[in-house]
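# Structural characterization, general
So the chains spell out like this:
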Amino acid sequence: MVKESTIKNSVLTLENLYFDTIQFNRLDCISSDPELDIRFRREVQQRTDDTSKYRLVLSAELEDKERNSIRINISLVGEFNITVANREYDAERLVSENGVAILFPYLRSEITLLTSQPGLKPVVLPAVNIVEMFK
């Protein structure tokens, strides 16, 4: 006898993921372990041609607090699909919270990769509850 699965599929699906901005500026006078100021930003847009599709942009800006010798601007785009009627869920909240949680590990990884250069200690952002950071 085959048992019916009780596992439910998520109503939020990541359809596409890409970095649309990666900027890294570095001056000669950088210290090997600069103290960085980090700011995150998110923006959610619903597509007008298909209301079940959303675009989430998660951005981070990192800047050396002391010398302004390093500046990173990185922006990650996630394109999501919601598979149920929008009135059943607060779709924008679902994308802005769960979508951010989905995208954040990719952003963390790219920042570490970008800062893994000779003469610079790689920036490894801790695994955090990014949704709480936005509240």
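## Section: the overall build of the chain
- For the chain, the count of helices and strands is two helices and four strands.
- Along the chain, helices (α) and strands (β) appear in the sequence β-β-β-β-α-α when read from the amino end.
- For the chain, buried positions account for 33% of its 135 residues.
- Across the chain, every contact between residues at least 6 apart in sequence was considered, and the portion connecting residues at least 24 apart equals 71%.
- As displayed, the chain has an accessible area near 8700 Å², and 47% of this comes from carbon and sulfur atoms.

## Some details on the environment of Leu125
- For Leu125, the position within the fold is in the loop between α1 (91-114) and α2 (130-134).
- You can call Leu125 buried: its relative accessible area is 7%.
- Non-local contacts of Leu125, meaning those with residues more than four positions away in its chain, are made with Ile38, Phe40, Phe104, Arg108 and Ile111.

## What to know about the environment of Asn73
- Residue placement: Asn73 occurs in strand β4 (residues 70-82).
- We classify Asn73 as partly exposed; its relative accessible area is 22%.
- For the pair Asn73 and Thr21, spaced 52 residues apart in the sequence, the C-alpha separation amounts to 7.1 Å.
- In this view, Asn73 contacts Thr21, Ile22, Gln23, Ala60 and Glu61; residues no more than four positions away in its chain are not counted.

## Points about the nonpolar core
- One finds Leu56, Leu62, Ile82, Val95, Leu107 and Ile111 to be the most contacted residues of the largest nonpolar core, which totals 27 residues.
- Counting residues per element, the ones that place at least two in this core are β2 (36-46), β3 (53-64), β4 and α1.
- No other element matches α1, which puts nine residues into this core.

## Quick look at the confidence of the model for the chain
- When pLDDT is averaged along the chain, the result is 82, and 77% of the positions lie at 70 or above.
- Per-element confidence in the chain is highest for β4, whose mean pLDDT is 93, and lowest for α2, whose mean pLDDT is 63.

## Things to note about α1
- Counted at 1.5 Å a residue, the expected span for α1 with its 24 residues is 34 Å, and the 33 Å between its end C-alpha atoms agrees.
- Along its length, α1 reaches its greatest deviation from straightness, about 35°, at Val100.

## A short note on the pattern of salt bridges
- Here the structure, examined in full by the defined rule, presents eight salt bridges.
- In this structure, Arg41 engages Glu61 in a salt bridge whose closest nitrogen and oxygen atoms are separated by 3.1 Å. With Arg41 in strand β2 and Glu61 in strand β3, this residue pair connects regions lying 20 residues apart in the sequence.
- In this structure Arg41 comes out as partly exposed when scored by relative accessible area, which is 46%.
- Between Asp49 and Arg47 there is a salt bridge, and its shortest N-O distance comes to 2.7 Å.
- With a relative accessible area of 38%, Arg47 lands in the partly exposed category.
- By sharing partners, the salt bridges in this structure join Asp37, Arg39, Arg41, Glu61, Glu63 and Arg71 into a single network.

Thresholds applied
- Residues numbered from 1 in each chain as written.
- Predicted model: local features only at pLDDT ≥ 70, side-chain atom pairs only at ≥ 80, totals over all residues.
- Heavy atoms only, no water.
- Helix = DSSP H or I, 4+ residues; strand = E, 2+ residues; numbered from the N terminus.
- Buried < 20%, exposed > 50% of the residue type's maximum accessible area, 1.4 Å probe, protein only.
- Contact = heavy atoms within 4.5 Å.
- Areas by Shrake-Rupley, 256 points an atom, 1.4 Å probe, with all protein chains shown as cover.
- Core = buried A, V, L, I, M, F, W, Y, C linked by side-chain atoms within 4.5 Å.
- pLDDT = per-residue confidence, 0-100.
- Expected span 1.5 Å × (residues − 1).
- Bend = angle between axes of the 7 residues up to and from the residue.
- Salt bridge = Lys/Arg side-chain N within 4 Å of Asp/Glu carboxyl O.

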